[in-house]
Amino acid sequence: MIQPLHETPPARAIGWFAVALAAGALGFTITGWLAGDWMIDLPWAPSIGLRIQLRFDGLAALYAFLATGIGLLVFAYSTGYMPWHLEHQARPAAHARRFWAWMVVFMGAMVGLAASQDLVLMFLFFDLTAVASYFLIGFDRQRREARGAAILAMIVTTGSAVGMLIGAVLLNAEYGTFSLPRILAVATPSAATTWACVLIAVAALAKSAQLPLHFWLPRAMAAPTPVSAYLHSAAMVAAGVLVLARIHPLLALDPRILDGLVVVGFASIFVGGLLALAQDELKQILAYSTISQYGYVVVLYGIGGPAGAGAAAMYVIAHGIAKSALFLTAGYVTKATGESRLSRLGGLRRVMPVVAVAAGIAAASLAAMPLTLGFFKDELFFAAAISSGPVVQLLAVAAAALTLAYIGRFWLGVFGGNARTAIEPVPRALGIPIVILAALSVLGGIVVEPFAALAADAAGVINGGSVDVSPAYHLDARPENIMAVSAWALGALLLVAANVRDPISRAVARAGDRVGPRRLYGLTLGSIERLSEAVHRAEVRDLRTSLAAILVPTGILAALGFAATPTEGSYVVGDIGVADLPLVVLLVLSVAAGLTAARDTGRLRPVLALSVLGFALAGVYAIVGAPDVALVAVVIETVLTIVFVAVFARLPATALVDPGGASRRGLARYRNAAAGVVAGASAFAVIWAALSRPPLGASDAGAQIGLTPDAHGGDVVTVILADFRGLDTMVEITVLAVAIVGVVSLLRRGITE
Amino acid sequence: MTPIVKVVAPRLLPVAVIVAFALIVKGYTDVGEGFGAGVIVGLAVGLRYVVLGPERADDSMPFVRRADVLATGGLLIALACGFVGVPLGEPPFTHHPLPGEPVLKLGTLELTTAVGFDIGLFLLVVGVVVLLIRELSRLVAEAGS
């Protein structure tokens, strides 16, 4: 069945290696869960209280199961899907390597995030998932919409994640630690705690694509289908609710936050659900469905308590399994038919019966039909809603009805009705994961205990105390069952009454386009871009403004530095003796060279004059006792002179005519002079201060010179660079490495392959 | 180009490497450290490019083709030396042996992890300078042809 593919063995081998890796990770997760609560605790930056604190508790187990289990199935699916995807786009098969690398990074980050107990570590993994998702969403980088979608997802999720870091710092200021268990042990309601929780919650909600920061998710459907199936069903969006779960005991300190979660959650359920009803593209339906489904989880966190926590955990499991199966189905159908729109599909149950049944089970699980795992998620959801009053109950029933309606429309649209398209064979690797996920849904519908145990373990962490999660079938008229039956009836009605439902959902879509947050985002981004453009143009208009943009801020910063530094003993004009003669000669030479560079109208002479100036200053450093600085100055001056001469040798022989010369009288001339004076004055002040050699006294420099022998060194400059200030040097050379990557890609004009 | 340059340039690289080596070895007791040493080697490589042209210079120094590996390797060595103690609970850039502990000596050179850091820095700088020279020389050669 597999078509002959022009594929190099490495790309395929890497795919199977990734599958093996995911299988290993799943095995690790299973043994980790069975082994019970255990943790890794390593110091990271003890001086600022950071630790690498990973704990494999119930919550970590649940999300690690999702990340590795669904990861394994999606990886297996991708081994069949990616070669076709790349061939379809006329790209070399080797491009799949990038896909695999980022998928594996993503899986690792997700497992790390699940187990993180340190707020800063959590933030790092949180952003690592965003970085990986940027590359995965933008995997089809030749497509403009994929690139736009990637950057949109990146900006929305990492932009709000900054709030998470601020929240972590606020909590650290309040409780003196970044370690979450220690914060939870001592946390009390306070304004700072509330603000920190709000900031972290906003970051988490944006990640889980909740209103009003949901708009990145539908556009992220530009990603290849396996990416959507993994990131946008069970992993990336789950990272948000995972963070909410981790800090839930903190959120529960302020009831206003919980109420806010209920409001945001229901808004997401209904807006997402109504918009899902209006979509034509398969993956768009599923994307809006994800917004809606994570709304349920957020509502449950808002309801809180053991019932809310247990239901939320169960919801995440059931939804992850069902939704990834449906995403994979969408990819399967598109591969088989070449179509991705509901309006052009239909009747596929006859030609792909197995997938139709599997997708039907996944859809039924999402719609909470009996004999599927999904039934229990709604049972627990309703049970939690019952404790929260009639409004929440009514909304809960309406939400479940909406889910049934849109997912029913999805399945019937694809598999029901008459066939409209021709079918191509599909590799078996694409069908098997869907069947396995559907089988899991049915298994959970019959033997729910293992899933309930996993959910109970996680809910214990969320709730901060043990939780009993024991869903079961009850054939009686208890409120949960009545709510479920009314939801099915209402949903079926919505499904049938297309002429009522369609105008409403279209109206919501139109209203969203006109006044929704996406428009606001676009306007904000547009104005920031215009501002940046204006600054950029002012900066690089000509050589003079480019130089001024470097020299003037440097001068101002140096002046500010001097304002804050004691300068006693500096700026003294001492006596000049015979011993100072070489110094004076070098300084006179420097002045002469400086004047030549400024006044000479030639081309090569100013360059050579500048290099004379540099060498003369190097000589001055050597004489006043800074041989290390002199050595670096000499080698750098040599490089600069060579580069200057090489560049000037390539200039055209004819004289350069300044087109703006006539207009650069008046104000512009004074501006140039002012920039020159600011930069020159600051350089003058810095060099004079350096040359006046104030007594060391009790300065930092004195202390460091005193410590040098302890560092097994005799030369204080080297010891400062490699030891005392080693971290600074490390950062600087890292910048150097990054800069050379940028320079090389610019010189190659961005062509790397 | 004078005959002297043509004769001297290709023979300057070993000398530069020795000078650089001396700078690093002496660095902890006397003037010099990895950065200056790296730039000196870079200059000698650059001189070969000026004299021989990009292609012949590439052929005469096989290692320059992997300047990116040199730079990355240097960065990794520096990172490793700086953060070796972090998993053991030490702050970054805690160099070993610690103050007061005995240290292995090679002549005047005392072998500490700080010297390893300096060597990493040296390799990074050599890699960066060589990368830059190669790219620029290729650009010049393209513009010339």
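Basis of the calculations
Residues numbered from 1 in each chain as written. Chains lettered and ligands numbered in written order. Predicted model: local features only at pLDDT ≥ 70, side-chain atom pairs only at ≥ 80, totals over all residues. Helix = DSSP H or I, 4+ residues; strand = E, 2+ residues; numbered from the N terminus. Buried ≥ 20, exposed ≤ 12 C-beta atoms within 10 Å, placed from the backbone. Contact = placed C-beta atoms within 7 Å. Axes fitted to C-alpha atoms, helices over the stretch in contact; angles between N-to-C directions. Parallel < 35°, antiparallel > 145°, perpendicular 65-115°, else oblique. Left-handed = near helix turned anticlockwise from the far one by under 90°. Domains from an automatic or database assignment. Nonpolar A, V, L, I, M, F, W, Y, C, P; charged D, E, K, R; others polar. Expected span 1.5 Å × (residues − 1). Arc of directions from axis to C-beta.

Asker: An account of the overall build of chain A is requested, with residue identities and associated values reported.
Answerer: Broken down by element type, chain A carries 31 helices and two strands. Here the C-alpha coordinates of chain A stretch approximately 110 × 60 × 50 Å along the principal axes.

Asker: Account for the overall build of chain B, with residues named and values stated.
Answerer: Tallying secondary structure elements over chain B gives five helices and two strands in all. For chain B, the spread of C-alpha atoms along the three principal axes comes to 60 × 30 × 20 Å. Buried residues in chain B amount to 40% of all 145 residues. Of the contacts made within chain B by residues no fewer than 6 positions apart, 73% connect residues no fewer than 24 positions apart.

Asker: How would you sum up the packing of helix H12 (residues 255-278) of chain A against helix H22 (residues 498-515) of chain A? Please name residues and give values.
Answerer: All names here are of chain A. For the pair H12 and H22, the least separation of the axes is 8 Å and the interaxial angle reads 115°. Considering their axes alone, H12 and H22 lie roughly perpendicular with respect to each other. Once H12 is placed against H22, the crossing between them reads as left-handed. Listed contacts from H22 to Val271, Leu274, Leu275, Leu277 and Ala278 of H12 are Arg501, Ile504, Ser505, Arg506, Val508 and Ala509.

Asker: Talk me through the domain arrangement of chain A; I want residue IDs and the actual numbers.
Answerer: Here chain A is described as being made up of domain 1 (9-253), domain 2 (254-496), domain 3 (540-652 + 669-695) and domain 4 (699-753). Here domain 3 of chain A and domain 4 of chain A have C-alpha centroids that lie 23 Å from each other.

Asker: Can you break down the interface of chain A and chain B residue by residue, with the values?
Answerer: When the parts of a complex come together, some accessible area is lost, and that lost area is often taken as the interface size. Each partner contributes to the interface: chain A provides 35 residues, whereas chain B provides 40 residues. Only strand E1 (38-45), helix H27 (627-649), helix H30 (716-724) and helix H31 (726-747) of chain A provide two or more residues apiece to the side of chain A that touches chain B. Broken down by element, the side of chain A that touches chain B gets its largest block of residues, eleven residues, from H31 of chain A. Residue composition of the side of chain A that touches chain B, grouped by class: 23 nonpolar, eight polar and four charged.

Asker: Let's hear about the packing of helix H14 (residues 305-337) of chain A against helix H19 (residues 428-446) of chain A: which residues, and what values?
Answerer: All names here are of chain A. Where H14 contacts H19, the two axes come as close as 9 Å, and the packing angle between them is 150°. By the angle between their axes, H14 is roughly antiparallel relative to H19. Remark: the crossing between H14 and H19 carries left-handed chirality. Between H14, through Ala318, Ile321, Ala322, Ser324, Ala325, Leu328, Thr329, Tyr332 and Lys335, and H19, the contact on the second element is made entirely by Leu430, Gly431, Pro433, Ile434, Leu437, Ala438, Leu440, Ser441 and Gly444. Its residues assigned to classes, the contact of H14 with H19 shows twelve nonpolar, five polar and one charged.

Asker: A description of unusual backbone geometry should follow, citing residues and the corresponding values.
Answerer: Residues and elements named next belong to chain A. Between Leu211 and the following residue, Pro212, the backbone shows a cis peptide bond with an omega angle of -5°. Checked against the element boundaries, Pro212 lands in the loop between helix H7 (191-207) and helix H8 (216-219). Unusually for a residue other than glycine, Ala209 sits at a positive phi of about 55°. Along the polypeptide, Ala209 turns up in the loop between H7 and H8. A residue is classified by how many C-beta atoms lie within 10 Å of it, and Ala209, with 29 of them, is buried.

Asker: Give a description of helix H4 (residues 67-83) of chain B that names residues and reports values.
Answerer: Residue and element names in this part refer to chain B. Under the 1.5 Å per step criterion, the end-to-end length of H4 is 24 Å for 17 residues, consistent within 8% with the ideal 24 Å. Taken together, the buried positions of H4 are Ala67, Leu70, Ala71, Gly74, Leu75, Ala78, Cys81 and Gly82. Take H4 and look down its axis: the buried residues cluster within an arc of 130°, on one side only.

Asker: Outline the environment of Gly680 of chain A, listing residues and values.
Answerer: Residues and elements named next belong to chain A. By secondary structure assignment, the location of Gly680 is in helix H28 (residues 666-691). Among the residues examined, Gly680 registers 14 C-beta atoms within 10 Å and is labelled partly exposed. Linking Gly680 and Asp476, residues 204 residues apart in sequence, is a C-alpha distance of 88 Å.

Asker: I'd like to hear about helix H18 (residues 390-415) of chain A, residue by residue, with values.
Answerer: Taking 1.5 Å per residue, 26 residues should reach 38 Å; H18 of chain A reaches 37 Å between its end C-alpha atoms and fits that length. Gly417 of chain A lies just past H18 of chain A and shows a positive phi near 70°.

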